[in-house]
Amino acid sequence: MKISYRAAASAALAMSVLLACPAYSQYRDGAGYAGLYDSETVTAFKEHVGYLSAAALEGRKAGSAGEKDAAAYMYSCLKGYGVDMLSPEEGDMFGISADGADTLTSRNVAGFVQGYDPELRDRYIVVGARLDNLGTNSMTVDGQPVEQIYYGANGNASGLAMMAELAGKVATNSILFRRSVIFVAFGASSETYAGAWYFLNRSFSDSGNIDAMINLDMLGTGDRGFYAYTASNPVLNAIVSSVSAELQPVQPELVTYEIYPSDNRAFYAKEIPSVTFTTGRYPEHNTPKDTWSIIDFGMMERELEYIYNFTEALANTGLELAFGESSVPDPKPADDDVVAYYDCDQRPMFLNSPDPRQFLEKWVYQYLKYPKEAVRNGIQGRVVVDFIIDKSGNVTDVHVTRSADPLLDAEALRVISASPKWRPGRMNGEKVRTSMSVPVEFRLEKNGGFGINGRLLKK
């Protein structure tokens, strides 16, 4: 008789998905008191991996109920982190048929965070992670049928967990991303990367606007190594190297060989530059021993910091992202060139911070006044303002690139035009004129008050 865990756990699983990312304690042993000292990120990683590698999901085989439950979990997590969903709640479903076999139904889960740059927000960086695993295996022990479960904690619950937390960080910091970032949990990856193929060729109509792909696969054993594989793409290599040159908690080793084939293969087929981040093969790979206990969650937190910084650099790069042979241009600008903020060697600084949020929080939202006529007429929205920081640190050439309403546009222009001096940006040690773009949010509250960027200004 088949030993199955699904009947005992299905009700609990259904409820936990409805409640979004569930607690992990019921899926692991020996927690002790160590968890009391976990950071929020480590705790979240444990919750994700614990759920996705639970026995009740029976190894998440492509087309199975366990893969469906994993997809529902990823949908709930991404949406809960503020990601705008592209797929329906049940996932973007597709069928796969093989010679003489029944058609299996799998699904992708996809969402996106829109970039702020009017020239680049319709260009995309795709972040993907394999959703499915091997499922179960029937065997006989002492004459009794037993079902082995391939839990897939590292392959690839760890990659899905990494994608979920990365999506949360990108959504929180969307103001920093010029291109839009799409997050996809690919179903039926083990079936010749079917989910990735379906996304690129059937479900996502703007696949021609995808500039690059970041693949997250097997990231839970970082104590044994952390690697980046770009198929020797010179631009991706340059970005990996530039991010690694900054202070990072961990840095990947650039490798010239493909450690593990994954959904990046489908993007290569469409000639889309792709990088795979992985901690490589491990003894428990594709065995029932690939469980929660082998995961180094602390190292995953450090990997997340690097991958987030890489994603930001990739989404903001001014380099041409080409497949195959391409060259990295000389970054030194001509004297009259205006350099994009994110392309500076040393970015402009406001109050000693290179983070644009410092400018918004310490200046713009401190002095912005919601126009009374806009309040009376219920006008709200986002104004995107471009400006240049000259070599002396003055804010010049201020203009609206995305209008919400003339009243709101005028107020955003007034405050930004009155900005104190910045510390100018530099390229190759020389001061340069730097272009910036910031979104200014005006929001009315339901109780009759109003706010700016989520801050309640009047009750």
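Scoring rules and cut-offs
- Residues numbered from 1 in each chain as written.
- Predicted model: local features only at pLDDT ≥ 70, side-chain atom pairs only at ≥ 80, totals over all residues.
- Heavy atoms only, no water.
- Salt bridge = Lys/Arg side-chain N within 4 Å of Asp/Glu carboxyl O.
- Helix = DSSP H or I, 4+ residues; strand = E, 2+ residues; numbered from the N terminus.
- Buried < 20%, exposed > 50% of the residue type's maximum accessible area, 1.4 Å probe, protein only.
- Polar contact = N/O pair within 3.5 Å; in protein donor to acceptor, adjacent residues only side chain to side chain.
- Contact = heavy atoms within 4.5 Å.
- 1 Å grid on protein atoms, 1.4 Å probe; cavity = no way out; pocket = protein on both sides within 12 Å on 5 of 7 lines; lining within 4 Å.
- Points joined across faces, edges and corners; volume = space filled by probe spheres on them.
- Core = buried A, V, L, I, M, F, W, Y, C linked by side-chain atoms within 4.5 Å.

**Student:** Give a description of the pattern of salt bridges that names residues and reports values.
**Tutor:** What the rule picks out here adds up to 14 salt bridges. In this structure, Arg-433 and Asp-397 form a salt bridge, with 3.7 Å as the shortest nitrogen-oxygen distance. Of the two residues, Arg-433 is situated in strand E16 (residues 430-444) and Asp-397 in strand E14 (residues 395-402); the sequence distance between them amounts to 36 residues. The network of salt bridges with shared partners includes Arg-123, Arg-179 and Asp-211.

**Student:** Residues and numbers for the side chain of Arg-179, please.
**Tutor:** Among the secondary structure elements, Arg-179 is positioned in the loop between helix H4 (153-172) and strand E7 (180-186). We classify Arg-179 as buried; its relative accessible area is 5%. There is a polar contact of 3.0 Å between the side chain of Arg-179 and the backbone oxygen of Ala-315. Of note is the side chain of Arg-179, whose polar atom sits 3.0 Å from the backbone oxygen of Thr-317. Not counting residues within four places of it along the chain, the set of residues in contact with Arg-179 comprises Gly-115, Leu-120, Arg-121, Arg-123, Ile-125, Asp-211, Leu-314, Ala-315, Asn-316, Thr-317, Leu-319 and Leu-321.

**Student:** Mind laying out the layout of surface pockets, listing which residues take part and the relevant values?
**Tutor:** Considering only enclosed or pocket space, the second largest pocket measures out at about 400 Å³ in volume. Taken together, 22 residues line the second largest pocket, and the ones lying closest to its centre are Ser-174, Ile-175, Arg-382, Pro-439 and Glu-441.

**Student:** Tell me about the nonpolar core, and name the residues and values.
**Tutor:** Membership of the largest hydrophobic core comes to 101 residues, with the highest contact counts inside it found for Leu-216, Phe-277, Phe-310 and Val-364. In terms of residue count, the dominant contributor to this core is H4 (eleven residues). Counting residues in each nonpolar core, the second largest holds 15 residues, with Val-184, Phe-186, Phe-199 and Phe-204 among its members.

**Student:** Explain helix H5 (residues 194-203) residue by residue, including any values.
**Tutor:** For H5, every residue scored as buried is listed here: Ala-194, Gly-195, Ala-196, Tyr-198, Phe-199 and Leu-200. Buried-residue contacts for H5 involve strand E2 (92-96), strand E3 (104-113), strand E4 (124-130), E7, strand E8 (210-216) and helix H7 (264-269).

In short, shape yes, function no, at least from these values alone.
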